[in-house]
Amino acid sequence: GENVEQHPSTLSVQEGDSAVIKCTYSDSASNYFPWYKQELGKRPQLIIDIRSNVGEKKDQRIAVTLNKTAKHFSLHITETQPEDSAVYFCAASGPGGSYIPTFGRGTSLIVHP
Amino acid sequence: SAVISQKPSRDICQRGTSLTIQCQVDSQVTMMFWYRQQPGQSLTLIATANQGSEATYESGFVIDKFPISRPNLTFSTLTVSNMSPEDSSIYLCSVGRAGETQYFGPGTRLLVL
């Protein structure tokens, strides 16, 4: 089955800095890679996603890059703000029977004002 | 996106008892999923709730401990049976189609004493 590794487990930055979270996956058939943000006491919510036919996707301060050959994808947050503090999960899913996403272990991002 | 509700939102239970968690979706969905999230941990899939057939359980989870019902396309229940303190966790239901975003319910926070 799919295996998703996520690093780092904790990331502490100053407000205004950039933050990068990296994930690797094992199943080359995976073709959908969402990122979820989970604030304390809340449900995970999608913030951005990317499909395997695209190398990069941006949405304001958030971007995701995908390297299919190396089987890794990354979340980039620029100009971080205290409200970006949360746990971020990457996931990978594929077609057919493997479509149920496999989640990474999560990254706790702390943005210091 | 689907609107998902869960009941109860939280509960404190005595060991040896059982708790049934309900998940309601505002539209008909084919696939519903149940996850467990232990404190500070990632999302672990318990089972896929199939309408009209038995749930499909992931490795490490069994029907006797986590019976699931799926009477129609908008509702599912998860029962945590014969609870022990190790079952203290957040239980989340989710919906999503193959290769698409998963939407999560608000979660049920369970504490077993």
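Scroll up a little and you will see the structure.
All of these numbers come straight from a predicted model, not from anything done at the bench.

*Asks:* Explain the state of the cysteines to me, please; I cannot follow it from the model alone.
*Replies:* Disulfide: a covalent bond formed between the sulfur atoms of two cysteine residues. For the structure shown, the criterion picks out two disulfides over all chains. Bridging Cys23 of chain A to Cys90 of chain A, the disulfide has an S-S length of 1.9 Å. Between Cys23 of chain A and Cys90 of chain A the disulfide shows an S-S torsion of about -100 degrees. By sign, it is left-handed. Remark: Cys90 of chain A occurs in strand β9 (residues 86–92) and Cys23 of chain A occurs in strand β3 (residues 19–25); sequence separation between them is 67 residues. No difference in accessibility class separates Cys23 of chain A from Cys90 of chain A, as the two residues are buried. Each sulfur in the disulfide pair Cys23 of chain B and Cys93 of chain B lies 2.0 Å from the other. Disulfide Cys23 of chain B to Cys93 of chain B: torsion about the S-S bond roughly 70 degrees, handedness right-handed. Taken together, the positions of Cys23 of chain B in strand β3 (residues 19–25) and Cys93 of chain B in strand β9 (residues 89–95) put the pair 70 residues apart, joining distant regions of the chain. We note that Cys13 of chain B lacks a disulfide partner, and the nearest cysteine sulfur, in Cys93 of chain B, lies 17 Å from it.

Calculation criteria
- Residues numbered from 1 in each chain as written.
- Chains lettered and ligands numbered in written order.
- Predicted model: local features only at pLDDT ≥ 70, side-chain atom pairs only at ≥ 80, totals over all residues.
- Heavy atoms only, no water.
- Disulfide = S-S within 2.5 Å.
- Helix = DSSP H or I, 4+ residues; strand = E, 2+ residues; numbered from the N terminus.
- Buried < 20%, exposed > 50% of the residue type's maximum accessible area, 1.4 Å probe, protein only.

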